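# Descriptive structure summary
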Amino acid sequence: MHRLLLASALTLTACADQGGGAALNYYFTYDPRSLDPALSTDVPTGEVVSLLFDNLTQFDADAQLKPSLATRWETDPSGRIYTFHLRQNATFHDGRPLKAGQVRASLLRALAPGTTGGRAWPLYPIRGARAYADGASKDVDGISATNDSTLVLTLEEPLNLFPKLLAMPVAAIVPTPAPTDLDQHPIGSGPWKFVSWSHDDAIVLAKNEKYWGGAPKSDTLRIRIIPEPLTQAAEFEAGQLSVVEVPVGETRRWEESHKPELQRRPALRDLYVAINTTRGPLKDVRVRRALNYAVDVPTMLTTVLAGRGVRAAGSLPPGVLGYDSTRTPYRYDPAEAKRLLAEAGYPNGFAVKLWRTQRSELARLAQSLQQALGEVGVRTEIVERDASSARAAVRHGDADLFLTDWWCDYPDPENFNYPLFHSRNKGPGGNYAFLADSALDTMILRARATQDSAEKLRLSRSIDQRVFDLAPWIFLWFPVDLWATQPDVHGWKIPLVVTGQRWMQAERRR
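On to unusual backbone geometry, then. A cis geometry characterises the amide bond from Thr176 onward to Pro177, with omega recorded as -5°. Of note, Pro177 is situated in the loop between α4 (162–165) and β9 (192–198). In the Ramachandran plot, Ala63 falls in the positive-phi region, its phi being about 65° despite a non-glycine side chain. Residue position: Ala63 is located in the loop between β3 (57–59) and β4 (65–67). Within the chain, Trp503 stands out as a residue other than glycine whose phi angle is a positive 65°. As for its placement among the helices and strands, Trp503 is situated in the loop between β20 (489–490) and β21 (507–508). Overall, Trp503 belongs to the buried group, its relative accessible area being 1%.

Below is the structure:
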């Protein structure tokens, strides 16, 4: 899923709350759309939802799937029927017990046709869910509460990653009946309880003393809205924030002045150029490989991103099943690029248009790509548009090249392979390269369905190798997150997925 708005940063700050107790603050760059899980279409909403509500499953900071409201689950031999066993000591913040019937009602609420503006697709694998969401059915027979502590979910087809989809914000469990103002005054069962929300200023949360997983170590969590990265950094250096994402332009200075305070971690996202494999010379795999040889990725990574990235030799980033650290990226070799272009019948090159959105950080990168491709005869015109216009053109197949990024929704190779490269997802589904390869399609579907973890690893690695060989992208890099922490804040770790850091262990130690 594209997270073009995901400039949002999380931060903790060590300061005293108004009552005098220790508090932690973190920040977003913009106000959440809502505090209702059914409307969690933006990152700030999803992050707050993960603090206030529980799901059947959850991710930790290392993107490992963990039990949450479900203490365990199993699937039948077909891989279609999942049985979840619920913990019996979970309650909502208002004291109501949390039972399987409430979970069923909450999932139906997220799918309901009247829930406008939400993104319920993580629940669509459930049998009957899509028809219910479309208003074509009055119930979902794939959701069944057999007793107060057992929920059975039946899928349309086998899907081994399904428990990961249930950890996404839209699947968070709300009470039934839900308050009419849940979006502004949420009641969940999570580790933090809602206190107040001053729009475009701050959200204040208090620890849930009765949380089934144990209360957070800190009393108060205050989320500030701080739009500008340089302002965020200045507040950190003034001692007002205890954790901050280091602005890219400030990387070198912070590496010199704040080195002991820095945390660095490869992110689960790609930065790449999608090559439309259906347009003119770009249909030829030799041409697509030539574009990769033409680009000096190491130099660009150093000059544009201050070295904050891992070179890509495929689409799967470090930390995702199937990532192969031994695979060699396309080297910078203009002579080889020219040889391949001549072999494909383009000794004098050709003209293309490189589309990009108006994100400022992409401007310099697009210019570097333009120069590199020009040196091997590929004359490149940069087309800059607002995000919606650019995506519309790309989805319709009107763009030759598209400079963009991909943020994973859930830590599984399927989240990269299926939307980005399966032929049924060409264009609007995420496959901006319009790649159609029958062997790749077969492997992707087998990897989604298999119940054998070793087979899934083998298939995921083979899929990534074939993607690399077919070169539907100019493979650039996997960004690396860089954060600074104040010495008195402990128990905080950069999360691999934004909902994986629930701030339960974070605390100040003077």
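Once the structure has been displayed, the description carries forward.
Here we come to the sheet that holds strand β8 (residues 150–154). With antiparallel pairing, the four strands of this open sheet are ordered in space as β5-β6-β8-β7. The open sheet has two free edges, formed respectively by β5 (70–75) and β7 (143–147), since each of these has just one partner strand. Averaged over all neighbouring strand pairs, the angle between strand axes comes to 20°, with direction disregarded. Helix α2 (residues 100–111) contacts β6 (81–86), β7 and β8 of the sheet and is inclined by roughly 170° relative to β7.

Our focus in this paragraph is the packing of aromatic side chains. Going through the model one piece at a time under the given rule, you end up with 20 aromatic pairs. Ring geometry for Phe421 and Trp473: centres 5.1 Å apart, planes at 45°, overall tilted. Residue Phe421 is found in helix α12 (residues 414–421), and its partner Trp473 is found in strand β19 (residues 473–485); the two are separated by 52 residues along the sequence. Looking at Phe421, the relative accessible area reads 0%, which means it is buried.

Calculation criteria
Think of each chain on its own: its residues are numbered from 1, step by step along the sequence as written. Restriction of local features to residues with pLDDT of at least 70 applies here, the model being predicted, together with a cutoff of 80 or more for giving and counting side-chain atom pairs; totals for whole chains, interfaces and linings are based on all residues. To get the side-chain values, all heavy atoms of the structure are used, and hydrogens and water are removed first. Under the DSSP-based scheme used, a helix requires at least four consecutive residues in state H or I and a strand at least two consecutive residues in state E, with every element numbered from the N terminus. Partly exposed describes any residue whose relative accessible area lies between the buried limit of under 20% and the exposed limit of over 50%, with all areas from a 1.4 Å probe on protein chains only and scaled to the type maximum. In this analysis, strands are considered paired if DSSP registers two or more bridges between them. Lines are fitted to the C-alpha atoms to define the axes, a helix being fitted only along its stretch in contact, and any angle between axes, read from their N-to-C directions, falls within 0 to 180 degrees. By the convention used here, residues are in contact when the closest approach between their heavy atoms is within 4.5 Å. To pair, rings of Phe, Tyr and Trp, with the six-membered ring standing in for Trp, must have centres within 6.5 Å; the planes then decide the type, stacked if under 30 degrees apart, edge-to-face if over 60, and tilted in the middle.

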